[in-house]
Amino acid sequence: MRIDVLTLFPEMFGAAIGSSILGRAQAAGLLTIRVWNIRDFAFDKHRTVDDIPYGGGAGMVMKPDVVVACIEHVKTINPGKVVYLTPQGAVFNQTKAQSLAQEANLVLLCGHYEGIDQRIRDGWIDDEISIGDYVLTGGELPAMVVIDAVARLIPGVLGDETSAQEESFVNGLLEYPHYTRPAEFRGRGVPPVLLSGHHEQIRKWRLKEALRMTLARRPDLLEKRQLNAEEQQLLREILTEDCNEGR
Ligand code: 21W
């Protein structure tokens, strides 16, 4: 996959795309990320990228001529969908990450100030994404979030091919608790079943704890998900245990 990022703050991307997993994916030729400075496409000697809003009001708006010059140049190299990161976009989730991971090419546009001129959106943007209901200063961190979530779904990017499929959200449950050595740490043990070597009992315990965690913290996920017979039985056990708790 090739991803081109359009931003006024290209230096923000260094650590995120150069480090460990994404760096290795690029070295392996699985992923190419190129970051463009929108300011390089300005037309005047001051390299102006924004202007005051028509109709008045606070803040500045990114200029359509400059942003479109940047988009059109990048599109000669990367013909992918242009995705604008904006608080007004559809909220990003794992399903959206999976669908973007099917694309061979993506162009991510990061906004700043009050955003971009509406005509850019009307004529040059294919998709708009938010990463959640909180206010940031720009689209750069959201672009990095999208890149990270999408890149790890590309086959070969994670060391362990299966881990991206097996985890939380993919099966619709939160993860079960993890333990490593030592078997006792400051008076706290490890659930004995995990030390037993009984793989079937361990599988059942992990499924039950995943259900318990999801019920406690994300009951909305349980409502969305169909439970099979084993999961229904484990959930009934959890509910009766909780009834008796603190008795
Ligand atoms: C924040 C731009 C707020 C515009 C009232 C009047 C991209 C983002 C962003 C930003 C506004 C994402 C205002 C989650 C985010 C992003 C910068 C609205 C301010 N209020 N996902 N004017 N959260 N944020 N203008 O902030 O560009 S994806």
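Residues numbered from 1 in each chain as written. Predicted model: local features only at pLDDT ≥ 70, side-chain atom pairs only at ≥ 80, totals over all residues. Heavy atoms only, no water.

J.: Run through the overall build of the protein chain, naming residues and quoting values.
T.: The helix and strand tally for the protein chain stands at ten helices and seven strands. Against the compact-globule benchmark of 18 Å for 247 residues, the protein chain has a radius of gyration of 23 Å, which places it well outside the compact range. Viewed in the frame of its principal axes, the protein chain has a C-alpha envelope of about 75 × 45 × 35 Å. A fraction of 75% describes how many contacts in the protein chain between residues 6 or more apart in sequence connect residues 24 or more apart. Split by element, the accessible area of the protein chain, about 14600 Å² in all, is 53% carbon and sulfur. Across the protein chain, the centroid of the 27 positively charged side chains sits 4 Å from that of the 34 negatively charged ones. (Helix = DSSP H or I, 4+ residues; strand = E, 2+ residues; numbered from the N terminus. Rg over C-alpha atoms; globule rule 2.2 N^0.38 Å. Contact = heavy atoms within 4.5 Å. Areas by Shrake-Rupley, 256 points an atom, 1.4 Å probe, with all protein chains shown as cover. Lys, Arg positive; Asp, Glu negative; His and termini not counted. Charge placed at Lys NZ, Arg CZ, Asp CG, Glu CD.)

J.: Go over the site of the ligand, please, and point to the residues and values.
T.: The immediate surroundings of the ligand are formed by 16 residues, with Glu114, Ile131, Gly132, Tyr134 and Leu136 found nearest. Take Glu114: an N or O atom from its side chain is 2.7 Å from a nitrogen atom of the ligand. Take Leu136: an N or O atom from its main chain is 2.9 Å from an oxygen atom of the ligand. Protein coverage of the free-state accessible area of the ligand, which is 590 Å², stands at 68%. At the level of secondary structure, the elements contributing two or more residues to the shell around the ligand comprise strand 5 (81-91) and strand 7 (127-130). (Near = heavy atom within 4 Å. Polar contact = N/O pair within 3.5 Å; in protein donor to acceptor, adjacent residues only side chain to side chain.)

J.: Please provide a residue-by-residue account of helix 6 (residues 140-151), values included.
T.: The end-to-end C-alpha separation of helix 6 is 16 Å, in line with the 16 Å expected for twelve residues at 1.5 Å each. Counting buried residues along helix 6, nine of its twelve residues qualify, which places the element largely inside the surrounding structure. Residues of helix 6 that are buried include every one of Glu140, Pro142, Ala143, Met144, Val146, Ile147, Ala149, Val150 and Ala151, and no others. (Expected span 1.5 Å × (residues − 1). Buried < 20%, exposed > 50% of the residue type's maximum accessible area, 1.4 Å probe, protein only.)

J.: So, unusual backbone geometry: which residues are in play, and what are the values?
T.: Residues Arg181 and Pro182 are joined by a peptide bond in cis, for which omega reads 5°. Mapped onto the elements of the fold, Pro182 is located in the loop between helix 7 (163-166) and helix 8 (199-217). Backbone geometry at Tyr113 places phi at a positive 55°, although glycine is not the residue there. Its place among the elements puts Tyr113 in the loop between strand 6 (105-110) and helix 5 (118-124).

J.: Before we move on, can you summarise the packing of aromatic side chains with the specific residues and values?
T.: Applying the stated rule across the entire model yields one aromatic pair. A ring pair is formed by Trp36 and Phe41, whose centres lie 6.3 Å apart and whose planes are at 55°; its orientation type is tilted. For Trp36, a relative accessible area of 8% gives the class buried. Classification of Phe41 as buried rests on a relative accessible area of 16%. (Phe/Tyr/Trp six-rings, centres within 6.5 Å; stacked < 30°, edge-to-face > 60°.)

J.: Describe a nonpolar patch on the surface, and please don't skip the residues or the numbers.
T.: Residues Met12, Tyr134, Leu136 and Leu141 make up a contiguous nonpolar surface patch of about 370 Å² in total accessible area. On the secondary structure map, Tyr134 appears in the loop between strand 7 and helix 6. The exposure class of Tyr134 is partly exposed, given its relative accessible area of 47%. (Patch = residues over 30% accessible without salt bridge, like charges linked within 9 Å, V, L, I, M, F, W, Y side chains within 5 Å. Salt bridge = Lys/Arg side-chain N within 4 Å of Asp/Glu carboxyl O.)

J.: Report on the pattern of salt bridges, specifying residues and quantitative values.
T.: Evaluation of the coordinates by the stated rule reveals 16 salt bridges. The closest approach of N and O atoms between Asp127 and Lys96, which form a salt bridge, is 2.6 Å. On the criterion of sequence distance, the pair formed by Asp127 in strand 7 and Lys96 in helix 4 (residues 94-100) is long-range, its members being 31 residues apart. Taking the relative accessible area as the measure of exposure, Asp127 reaches 16% and is therefore buried. Residues Glu241 and Arg212 are paired through a salt bridge, measuring 2.9 Å at the closest nitrogen-oxygen approach. Of the two residues, Glu241 is situated in helix 10 (residues 229-244) and Arg212 in helix 8; the sequence distance between them amounts to 29 residues. Among the residues examined, Arg212 registers a relative accessible area of 25% and is labelled partly exposed.

J.: Which residues make up the state of the cysteines, and what values go with them?
T.: Taken as a whole, this structure holds zero disulfides when the rule is applied. Cysteine Cys110 remains unbridged, with the sulfur of Cys70 as its closest cysteine sulfur at 10 Å. With a relative accessible area of 1%, Cys110 lands in the buried category. (Disulfide = S-S within 2.5 Å.)

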